[in-house]
Amino acid sequence: MPEVTPPSGVSLSVIVPCFNAAETLGACLDALLEHSQVLPNEIIVVDDASQDRSVAVASRPGVELITAKINAGPGVTRNLGAARAGGDILVFVDADVAVAPDALGQLARHFAADADCTAVIGSYDSEPEAHNPVSQYRNLLHYYVHQHASEQASHFWTGLGAIRKSTFDAFGGFDTAEFNRVIEDVELGYRLRDAGYSIRLDRRVQGKHLRRWSFGSMARTDLFVRAIPWTWLVLARAEMPSDFSLGWGQRASVAMAWLLPSALLAALVWPEALLVMLAALGLFVGVNLDFFRFLHVRLGWARALAAVPLHWFYHFNSGLGFILGVIGCGWQRLKTRLRVRPSPR
């Protein structure tokens, strides 16, 4: 496949942070170096003190490698890469994502065609690398949500997203104080939107997610890396967007996911509660019917049916994260008030 330079007037710096990512980093870099239709001006890998072979995998021609002596978190490593970058456009790619051949070209054309374009994010593709049921469900859920979200996104995404370096620098990059290791990209996007900048979602900009999910890794990530810190961020801003994973359909699904086991427990002493449970189940399936149909087309009925309990658990877990996030945020605010309370005279 012939490589071409980015559109005239646009220079791309691709930044790939990694920590113990040797298993997927090679495929990520292969996609950028060998299979991309647009050759970026530079590819910067920032290794966050990995203990595996990540440094060896990244040590190849065409890649600039930055190594950290201590593990500092993805927010810090991405900021380090951005500080080293010389391109006009910063393209952030996770170490477990292999960009599609036309992804960089699609991103570059946005910025070349529109001087007011600030940031663009993409999506995972519909063909996950791992074929186990949890991986296919979790990665296809992400694809489905992005493919059905508004083209005016409320947050940034570093799985595959680009932003003008001048804007990134003006905003001080990613927040490395409160949100260094979790949702630092979401937080940056909120700051951009608050300042009047737009973030575009281009559904054609895609990358293959190479991560293999287990049930445990999905549960831990969605609870501790997504739901709880996202709740803190929403409460701190006193505003809840209604797109992506926070849409009204998702909120209704969380409510039904919690009503199901609650009604089942209530049925132990009040048998009529089974009717409530069945109604909650029907509403849960109805709200998510289009997603289950999508899974049927992609995976067949067997895998689509197997995804129903996974989808229930995903929303139950999200609700649990919201509850824990509210409790944690309230506790922090209470401690702050107690510390600043004036001492009696």
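How each quantity is defined
Residues numbered from 1 in each chain as written. Predicted model: local features only at pLDDT ≥ 70, side-chain atom pairs only at ≥ 80, totals over all residues. Heavy atoms only, no water. Helix = DSSP H or I, 4+ residues; strand = E, 2+ residues; numbered from the N terminus. Rg over C-alpha atoms; globule rule 2.2 N^0.38 Å. Buried < 20%, exposed > 50% of the residue type's maximum accessible area, 1.4 Å probe, protein only. Contact = heavy atoms within 4.5 Å. Areas by Shrake-Rupley, 256 points an atom, 1.4 Å probe, with all protein chains shown as cover. Patch = residues over 30% accessible without salt bridge, like charges linked within 9 Å, V, L, I, M, F, W, Y side chains within 5 Å. Salt bridge = Lys/Arg side-chain N within 4 Å of Asp/Glu carboxyl O. Phe/Tyr/Trp six-rings, centres within 6.5 Å; stacked < 30°, edge-to-face > 60°. Disulfide = S-S within 2.5 Å. Expected span 1.5 Å × (residues − 1). Core = buried A, V, L, I, M, F, W, Y, C linked by side-chain atoms within 4.5 Å.

A. Quick peek at the overall build of the protein. Scanning the protein for helices and strands turns up twelve helices and nine strands. The C-alpha atoms of the protein give a radius of gyration of 22 Å, which matches the 20 Å a tight globule of 345 residues would have. Its C-alpha atoms put the protein at 70 × 70 × 40 Å along the principal axes. Here the protein, with 345 residues, has 52% of them falling under the buried criterion. Once local pairs closer than 6 in sequence are excluded, the contacts in the protein between residues at least 24 apart make up 78%. Accessible surface computed for the protein: about 16,300 Å², of which carbon and sulfur atoms make up 59%.

B. Examining a nonpolar patch on the surface more closely. Together, Met 240, Phe 322, Ile 323, Leu 324, Val 326 and Ile 327 make up a nonpolar patch on the protein surface, roughly 470 Å² of accessible area in all. Inspection of the secondary structure assignment puts Ile 323 in helix α12 (residues 301-340). Ile 323 gets classed as partly exposed once you look at its relative accessible area, which sits at 36%.

C. Structural view of the packing of aromatic side chains. Taken as a whole and judged by the stated rule, the model has 16 aromatic pairs. Note on Tyr 144 and Phe 294: the rings are 5.6 Å apart at their centroids and 40° apart in plane angle, and the pair reads as tilted. In this pair, Tyr 144 sits in helix α5 (residues 133-147) while Phe 294 sits in helix α11 (residues 289-299), placing the two residues 150 residues apart along the sequence. Of the two residues examined, Tyr 144 and Phe 294, each falls in the buried class. Ring geometry for Phe 168 against Phe 174: centres 5.2 Å apart, planes inclined by 70°, an arrangement best described as edge-to-face. For the pair shown, Phe 168 and Phe 174 are each scored as buried.

D. Highlighting the side chain of Asn 139. Among the secondary structure elements, Asn 139 is positioned in helix α5. The exposure class assigned to Asn 139 is buried, which follows from its relative accessible area of 2%. Residues contacting Asn 139, with those up to four places away along its chain left out, are Tyr 124, Pro 128, His 209, Arg 211 and Trp 213.

E. Inspection of the state of the cysteines at higher detail. Enumeration over the complete set of coordinates arrives at zero disulfides. Between Cys 18, a cysteine without a disulfide, and Cys 28, which holds the nearest cysteine sulfur, the sulfur-to-sulfur distance is 9.1 Å.

F. Looking closely at the environment of Cys 28. Within the secondary structure, Cys 28 is located in helix α1 (residues 22-33). Its relative accessible area of 0% is what places Cys 28 among the buried residues. Sequence-distant contacts of Cys 28, defined by excluding residues within four places in its chain, comprise Val 16, Val 93, Asp 94, Ala 95, Val 97, Ala 98 and Leu 210.

G. Spotlight on the side chain of Ser 135. Turning to its location among the elements, Ser 135 is positioned in helix α5. The class of Ser 135 is buried, set by a relative accessible area of 0%. Among residues more than four places away in sequence, those in contact with Ser 135 are Ala 130, Arg 211, Arg 212 and Trp 213.

H. Fine view of α5. For α5, with 15 residues, the first-to-last C-alpha span of 21 Å sits near the 21 Å given by 1.5 Å per residue. In terms of burial, α5 is largely enclosed, as 14 of its 15 residues are buried.

I. Expanded view of the nonpolar core. Ranked by internal contacts, the top residues of the largest apolar core, which has 84 residues, are Val 16, Leu 25, Leu 32, Val 91, Val 93, Phe 156 and Ile 163. Of all the elements, α5 adds the most residues to this core, at seven residues. If sequence neighbours within four positions are ignored, Val 93 has contacts with Val 14, Ile 15, Val 16, Pro 17, Cys 28, Val 99, Thr 158, Gly 159 and Leu 160.

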